[in-house]
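# Summary of the model geometry
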Amino acid sequence: MYGNTMGTLNVYAASSTTNLGQAIWSLSGDQGNKWYRAEARLPDTTGIMVCFEGIVGPGYLSDIAIDDVKLETTCLPRGFCDFESDLCGWTQKSVSGSSGSFVRAKPTSQLISRAWPPPTGDHTYGSSNGTFLYFAVSSATTQQNVLQLVSPAMPATSTSSVCFHFWYINYGSQFSNLTIYLRPQAGNTTSMWSMDSDGDQTGFQEGQIAYYTSTSYEIIIELFTKGDARGYIILDDVSFLPSYCEAKPSIAVTGYVPTPPIASTTVLPPGYVPSPWDCNFEVKPVHIQTEYR
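Computed from a predicted structure; not experimentally measured.

### Things to note about the nonpolar core
With 35 residues, the main nonpolar core has W90, F164, Y211 and I219 as its most contacted residues. Of all the secondary structure elements, the ones that give two or more residues to this core are β6 (132-137), β7 (145-150), β8 (162-171), β9 (176-184), β10 (190-196), β11 (205-211), β12 (217-225) and β13 (231-241). If near-sequence neighbours (up to four positions away) are discounted, Y211 is found in contact with T157, S161, V162, F164, L182, M192, Y217, I219, F240, Y256 and P258. A105, I112, I169 and Y171 belong to the second largest nonpolar core, which has 9 residues in total.

Put into structure tokens, the structure is as follows:
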């Protein structure tokens, strides 16, 4: 999806082309001149067709390309990425005035600086053939860099918490700061987790933080290199876990306090046996229709 007048690409799972219903996947705007992997979960039903819809933007200087469509029995969890094949829908952003970007690399890659002891493997496989995301400053410079890695759009957490979990190496004395932001569709971007580089620590460290949000959102991983310092950072195995978790590591700066969900006011009588047709309106009912006359 490339071009400054890019429109929208929608994917539908429908029983006919005359009634497409709601899109199961949608993306709008210029995404750059490169390939991305995308996944959409199909409904658990028979007799459907997958339909791709391209909506033209305000001009003609844009192109959409689709390739390698597959139907598989399982999908990776939304937002998960081990960086073995690509960025899994995560996108990069370099703040104005910064240079460089994260690159996918293996421990044996020529991209890896030999100014420090190189990592012996990735986190996914613990192998020199495994892949991770990497950024390094190996020569003296006064330039500060701000690099961002932005997640795909994630659905609201509703009344349950989500744990954003990842593995990292942040090597170099006072080299950089790594910060995790929550950017909801409605509301302000909030810093949830922050950690300075770990000196000469070359092993993978575990990072995680829990949060709630009532709207769709993105997670932003931001790297800030401080200038006049050298080092590198590695990211691997980012994931979203459907549960609460304590912040890790314990020395990370976590000023963010998750807002707990509002407790249900529904009280069931003693001995009541729930049925499939119950509805307490805590979530959108799927078996109740509303008609206006």
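### Details of the packing of aromatic side chains
Throughout the structure, instances matching the rule amount to 11 aromatic pairs. With a centroid separation of 5.9 Å and an interplanar angle of 35°, the aromatic rings of Y134 and Y232 are classed as tilted. Taken together, the positions of Y134 in strand β6 and Y232 in strand β13 put the pair 98 residues apart, joining distant regions of the chain. On the numbers, 5.2 Å between centres and 15° between planes, the contact of Y171 with Y232 is stacked. Taken as a pair, Y171 in strand β8 and Y232 in strand β13 lie far apart in primary sequence, 61 residues in all. Grouping residues by exposure puts Y171 and Y232 together as buried. Through a chain of ring-to-ring contacts, three or more aromatic side chains come together here, namely W90, F164, F166, Y168, W193 and F240.

### A few points about the pattern of salt bridges
Pairing between side chains of opposite charge can happen when their charged atoms approach one another. Across all of its chains, the model carries 2 salt bridges by this definition. Note that E218 and R183 form a salt bridge whose closest N and O atoms lie 2.5 Å from each other. Linking E218 in strand β12 with R183 in strand β9, this pair joins segments that are 35 residues apart in sequence. The partly exposed category is assigned to E218, whose relative accessible area is 23%. Between K248 and E206 there is a salt bridge; the shortest N-O distance is 3.4 Å. With a gap of 42 residues between them, K248 in the segment after β13 and E206 in strand β11 connect regions that are remote in the sequence. With relative accessibility at 34%, the residue K248 sits in the partly exposed group. Note on E206: relative accessible area 24%, which makes it partly exposed.

### Quick word on the state of the cysteines
For the structure on display, the rule yields 2 disulfides. Sulfur-sulfur distance for the disulfide between C81 and C88 comes to 2.1 Å. Between C81 and C88, the S-S torsion sits near 65°, and that sign places the bridge as right-handed. Each member of the pair C81 and C88 is classed as buried. Note that C163 is cross-linked by a disulfide to C245, the S-S spacing being 2.1 Å. The sign of the S-S torsion, about 90°, decides the handedness of the disulfide formed by C163 and C245: right-handed. With C163 in strand β8 and C245 in the segment after β13, this residue pair connects regions lying 82 residues apart in the sequence. We classify C245 as buried; its relative accessible area is 10%.

### Focus: the environment of S62
On the secondary structure map, S62 appears in the loop between β3 (49-55) and β4 (91-94). Note on S62: relative accessible area 17%, which makes it buried. Linking S62 and G7, residues 55 residues apart in sequence, is a C-alpha distance of 8.1 Å. Reaching out from S62, the side chain makes a polar contact with the backbone nitrogen of M6 at a distance of 2.9 Å.

The rules we used
Residues numbered from 1 in each chain as written. Predicted model: local features only at pLDDT ≥ 70, side-chain atom pairs only at ≥ 80, totals over all residues. Heavy atoms only, no water. Core = buried A, V, L, I, M, F, W, Y, C linked by side-chain atoms within 4.5 Å. Buried < 20%, exposed > 50% of the residue type's maximum accessible area, 1.4 Å probe, protein only. Helix = DSSP H or I, 4+ residues; strand = E, 2+ residues; numbered from the N terminus. Contact = heavy atoms within 4.5 Å. Phe/Tyr/Trp six-rings, centres within 6.5 Å; stacked < 30°, edge-to-face > 60°. Salt bridge = Lys/Arg side-chain N within 4 Å of Asp/Glu carboxyl O. Disulfide = S-S within 2.5 Å. Polar contact = N/O pair within 3.5 Å; in protein donor to acceptor, adjacent residues only side chain to side chain.

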